[in-house]
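Coordinate inspection notes
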Amino acid sequence: MKSIEAKEFSFRYLHQAEGEKALSNLTFEVEEASVVGIIGRAGAGKSTLVKSLNGLVPKVDLGYQEGDMIVDGLNTRQYDVNQLARHVGIVLQNPEVQIFSLTVRDDVAFGPANLGLPREEIYKRVAEAVSAAELEHLVDRNPNDISGGEQQCLAIAGILAMQPKIMAFDEPVSMLDPLGKQRVMNILKQVTRRSGTTSITTESGADIEAVAEVVDRIIAIDQGKLLLDGDPATVLQDDRIQQIGVGRPQVTELFLQLKKKGIHFERVPITLADAENLLRDKLRQLGVKRVMRPPDYRLQQLNHFGPPVVEVENIHHFYNPQVHALKGVSFEIPERQIVGIIGQNGSGKTTLARHLVGLLKPTNKDSVLKVKGVDIKKLRLDKIIRMINYVFQNPDDQLFAETIWDEIAFAPRMIDLPEDEVKRLTEEAMKVFDLEAYKDRYIFGLDEDLKTYLSISCILPLKPDILLIDEPTTGLDEQGEVKMMQSLRYLRDQMGKTIVIITHNMKTVGNHCDRVLVMSKGNLILDGTPREVFANEEKLLEADILPPQITRLGQALSKEFGFPKDILTVDEMVEVLDYSIKQSQNGA
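Residues numbered from 1 in each chain as written. Predicted model: local features only at pLDDT ≥ 70, side-chain atom pairs only at ≥ 80, totals over all residues. Heavy atoms only, no water.

1. Regarding the overall build of the chain
- Regarding its fold elements, the chain presents 24 helices and 20 strands.
- Its C-alpha radius of gyration of 24 Å places the chain within 12% of the 25 Å reference for a compact globule of 588 residues.
- When the backbone C-alpha atoms are referred to their principal axes, the chain occupies close to 70 × 65 × 50 Å.
- With 588 residues in all, the chain has 58% of them scored as buried.
- Within the chain, contacts between residues separated by at least 24 positions form 67% of all contacts whose residues are at least 6 apart in sequence.
- Separation between the mean location of the 70 positive side-chain charges and that of the 86 negative ones in the chain comes to 3 Å. (Helix = DSSP H or I, 4+ residues; strand = E, 2+ residues; numbered from the N terminus. Rg over C-alpha atoms; globule rule 2.2 N^0.38 Å. Buried < 20%, exposed > 50% of the residue type's maximum accessible area, 1.4 Å probe, protein only. Contact = heavy atoms within 4.5 Å. Lys, Arg positive; Asp, Glu negative; His and termini not counted. Charge placed at Lys NZ, Arg CZ, Asp CG, Glu CD.)

2. Some details on the sheet that holds strand β17 (residues 466-470)
- Spatial ordering of the open sheet is given by β16-β17-β18-β13-β19-β20, a layout of 6 strands whose pairing is mixed. The open sheet has two edge strands, β16 (388-391) and β20 (523-528), and neither has a second partner. Each strand of the sheet is rotated relative to its neighbour by a mean of 20°, with strand direction disregarded.
- In this structure, β16 lies alongside β17, joined through 4 bridges in parallel fashion. Considered in β17, the bridge of N389 is made with L467.
- Along the sheet face, helix α18 (residues 478-495) touches β13 (338-343), β17 and β18 (498-502) and points at about 150° away from the line of β18. (Pairing = 2+ DSSP bridges. Axes fitted to C-alpha atoms, helices over the stretch in contact; angles between N-to-C directions.)

3. Description of the domain arrangement of the chain
- You can read the domains of the chain as domain 1 (2-246), domain 2 (254-298 + 550-585) and domain 3 (308-528).
- Computed over C-alpha atoms, the centres of domain 1 and domain 2 are 36 Å apart.
- Contact with domain 1, which involves 7 residues of that partner, is made by 6 residues of domain 2.
- When domain 1 packs against domain 2, close to 530 Å² is buried across both sides, 58% of that on carbon and sulfur atoms.
- For domain 1, the biggest contributors to the area lost against domain 2 are A212, E213 and Q237; these three give 63% of the whole.
- At the boundary of domain 1 with domain 2, the tally comes to 0 salt bridges. (Domains from an automatic or database assignment. Buried area = accessible area lost by both parts, 1.4 Å probe. Salt bridge = Lys/Arg side-chain N within 4 Å of Asp/Glu carboxyl O.)

4. Regarding the packing of helix α4 (residues 104-114) against helix α5 (residues 119-132)
- Here α4 crosses α5 at 130°, and the two axes come no closer than 9 Å. With respect to each other, α4 and α5 are oriented oblique. Both α4 and α5 take part in a crossing whose hand is right-handed. For the pair formed by α4 and α5, the contact residues are R105, V108, A109, P112 and A113 on the first element and I122, R125, V126, A129 and V130 on the second.
- Each residue belonging to the contact of α4 with α5 can be placed in one class, and the counts come to 8 nonpolar, no polar and 2 charged. (Parallel < 35°, antiparallel > 145°, perpendicular 65-115°, else oblique. Left-handed = near helix turned anticlockwise from the far one by under 90°. Nonpolar A, V, L, I, M, F, W, Y, C, P; charged D, E, K, R; others polar.)

5. Notes on the pairing of strand β10 (residues 225-230)
- Of the strand pairs in this sheet, strand β9 (residues 217-222) and β10 are connected by 5 bridges, and their pairing is antiparallel. Looking across to β10, one finds that I219 is bridged to D229.

6. Things to note about the pattern of salt bridges
- With the rule as written, the count across this model stands at 43 salt bridges.
- The salt bridge partner of R240 is D238, with a shortest N-O separation of 3.1 Å.
- Exposure remark for R240: the relative accessible area of 35% places this residue in the partly exposed category.
- Residue classification places D238 among the partly exposed positions, given a relative accessible area of 21%.
- Measuring nitrogen to oxygen at the nearest pair gives 2.4 Å for the salt bridge that ties D566 to R293.

7. Considering the packing of aromatic side chains
- Within the structure shown, the criterion is met by 6 aromatic pairs.
- Centroid distance F11 to Y13: 4.8 Å. Interplanar angle 90°. Geometry classified as edge-to-face. The residues F11 and Y13 share a single accessibility class, namely buried.
- Judged by centre distance (4.6 Å) and plane angle (90°), the ring pair of F100 and F110 falls under edge-to-face. One end of the pair, F100, is in the loop between β6 (88-91) and α4; the other, F110, is in helix α4, with 10 residues separating them in the sequence.
- A cation sits over an aromatic face here: K282 above F265, 5.4 Å from the ring centre.
- Above the ring of W405, the side-chain terminus of K439 is found at 5.9 Å from the ring centroid. (Phe/Tyr/Trp six-rings, centres within 6.5 Å; stacked < 30°, edge-to-face > 60°. Lys NZ or Arg CZ within 6 Å of the ring centre and 35° of its normal.)

Take a look at the structure:
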């Protein structure tokens, strides 16, 4: 039976020009009890498609609809959003807009309570959903006091408790740690198999590996149009996936590159387990006993940095007597270093970041917290932000002006700079992320990638020496991630900035960071280069962190074939395998 039918469905937002469309002539069907991935670069129309499933488009996000969207046998034209909510549950990209109760438990109960279910059934559903999302330890917490990733799990639990026939998730794992991503995607698969629910999930590319592990089918859209539709292996191997900037799982890219080197396999895998089996069999078949890096292979050289600009010693923070969020954290950050802070949701990353910019104060008197040699514990916030400034995880938390130009110009105007200087600083900030062409665009309805670039650009006119950015690649496609990190590197290399990012994207850390700090349950448990940190499997498991997929592939085969445990990129793995196979064939 058909769960979803799109029939020449098109949609244009009110703010879009006559010839523009967010979605254009989409026609497809989705069978019951299937898990479907909707992939496409940022701004491709994925969020609009998800919101069309329960009538948010066009009845809340106003615009012009053509064609029909039929869900669970109902034409969305003929029903209100509250009526469709009994059939379709949606988790939006920003979980904060769906969370409003005073406790986690109450928030999960809100949906089933509004369905008019008996009290006992509500309790039962809440318990099941909280358990599935692993939120038991947070049920009495205020949702405003939990991390962004935990809020994302809460929004998902709220939909699970309503048990709709169709569940649609917009970038559902973008704020979760690696193990959390696996857990949530597995929940979608299990719920679908157990209850016959249809699950739709969107993805821009950063978490394509988590999506590939569970979906039955992938639909790729580009500029609002259907580009590809088929089984995951076929779609992810198509060259058009790279062209639109979504990217592939690292293991898929590895096998495609090996094929170009003349190393052929019976198929190209899209999951880590399949890649491990295929590669193990091939190496045995070729008689490879041990793999090694080529003699001339140069590992990334350690950069030389300046003096410490951030000094943290013995910071503790209690939110209340039961919540000890930071437990004696100490470290230094030198000038011009790009540092990644990683850890599971609720590990203390954001709490630590808020201390560094003065939004929170240590709760112990013997702590040390200095920025550029200045004790900031008693410094006013307006003084701190000239030295170190914070970019929030959710851009909507800090964007409020009418247009992009107004947003960037706001800070220099607030400190009473002359208008010609405001103009110069605003134009300079726009160039970092190529925002000049969008300067008059309204912020309302702005694509998520542009919002992310803007949220960083708008603090640059204050000239802080240190930028602290929470999840800079959330919602970005592969090309957007590259642009983001190249721009941050430009700020470091050309403008002398020190960059600190909080992220769950392990590929970003492996490819772009000079150093990694690993947080776990309020403690700093690892501090080193990406190679040093990702090679420490035992400590990473303690922190519920998984290295990049390509690193895990090498580690899974290290015992039998001696793979280096610190391989960080697909290119490095290709070089190691190509060299080792040729050496074996030459009898070396």
